[in-house]
Amino acid sequence: MARFLSQEWVDAFNEALAGVDVEPPGPEAGLAVRDGRFSMCQVVTGGPGGDVRTTLNVDSGRVTIATGEAGDAAVTIRLTWPDAVAMAAGALSPGEAIAAGRVRVRGDLAVLAEAQAVLAAVQPHLEGLRDHTEY
């Protein structure tokens with residue numbers, strides 16, 4: 001069992017998606033994501049070991065997560081550990097969290113929307129990870 005957002009969990013996430021290609025954004029996508037390359041930083045506050053920063057990277061159809069905050073991320077979301085856990089477990093949708101003010105967003109909303117679409121597309125490949133995650 002890997003603790004959610006730990007380096008072990010990040011490695012397992014990347015391994016689960018190693019052979020997965022996502023479709024490029026369509027023509028209606030914002031300029032920041034149209035070329036299929038973007039990153040989104042996530043800052044999760046109040047975790048068991050303190051605040052955690054990860055960056056979702058999408059490049060040429062490949063999806064990875066890295067620990068730490070990328071300086072070139074087009075959007076940053078900030079949320080609490082309980083809300084991040086609820087979203088990861090499927091108990092809270094990103095849209096509900098944003099609408100309720102439980103997620104703070106800074107940056108390009110088109111990138112956030114595309115990141116959500118990418119994560120939804122790869123969810124079937126992450127079911128095993130969810131089952132082996134310690135929240």
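In this text the structure is predicted, and so the values were computed from the model without any measurement. (Residues numbered from 1 in each chain as written. Predicted model: local features only at pLDDT ≥ 70, side-chain atom pairs only at ≥ 80, totals over all residues. Heavy atoms only, no water.)

A look at the nonpolar core
Formed by 34 residues in total, the largest nonpolar core has its most connected members in Trp-9, Phe-13 and Val-63. For this core, the elements supplying multiple residues, two or more each, are helix H1 (7–16), strand E2 (38–47), strand E3 (50–59), strand E4 (62–67), strand E5 (75–80), helix H2 (81–88) and helix H4 (109–131). With residues up to four places along the chain from it excluded, the contact list for Trp-9 reads Ala-2, Arg-3, Phe-4, Ile-65, Leu-129 and Thr-133. (Core = buried A, V, L, I, M, F, W, Y, C linked by side-chain atoms within 4.5 Å. Buried < 20%, exposed > 50% of the residue type's maximum accessible area, 1.4 Å probe, protein only. Helix = DSSP H or I, 4+ residues; strand = E, 2+ residues; numbered from the N terminus. Contact = heavy atoms within 4.5 Å.)

Examining the pattern of salt bridges
Following the criterion strictly, the structure yields 5 salt bridges and no others. Residues Glu-134 and Arg-3 are paired through a salt bridge, measuring 3.1 Å at the closest nitrogen-oxygen approach. Taken together, the positions of Glu-134 in strand E7 (residues 133–134) and Arg-3 in strand E1 (residues 2–3) put the pair 131 residues apart, joining distant regions of the chain. A residue is classified by how much of its surface remains accessible, and Glu-134, at 37% relative accessible area, is partly exposed. Arg-3 gets classed as partly exposed once you look at its relative accessible area, which sits at 33%. (Salt bridge = Lys/Arg side-chain N within 4 Å of Asp/Glu carboxyl O.)

Focus on the environment of Glu-114
Its location among the elements puts Glu-114 in helix H4. In this structure Glu-114 comes out as buried when scored by relative accessible area, which is 17%. Along the backbone, Glu-114 and Leu-126 are 12 residues apart, and their C-alpha atoms lie at a distance of 18 Å.

Some details on the pairing of E3
Note that E2 and E3 share 8 bridges and pair antiparallel. Bridged to Val-43 within E3 is Arg-53. Two successive antiparallel strands, E2 and E3, enclose a turn made up of 2 residues. Sheet topology places E3 next to E4; 6 bridges connect them, and they run antiparallel. Considered in E4, the bridge of Thr-54 is made with Thr-67. In textbook terms, the turn of a hairpin is the stretch between consecutive antiparallel strands, and for E3 and E4 this stretch comprises 2 residues, one of which, Ser-60, has a positive phi near 55 degrees. (Pairing = 2+ DSSP bridges.)

Geometric values such as these leave the question of function open.
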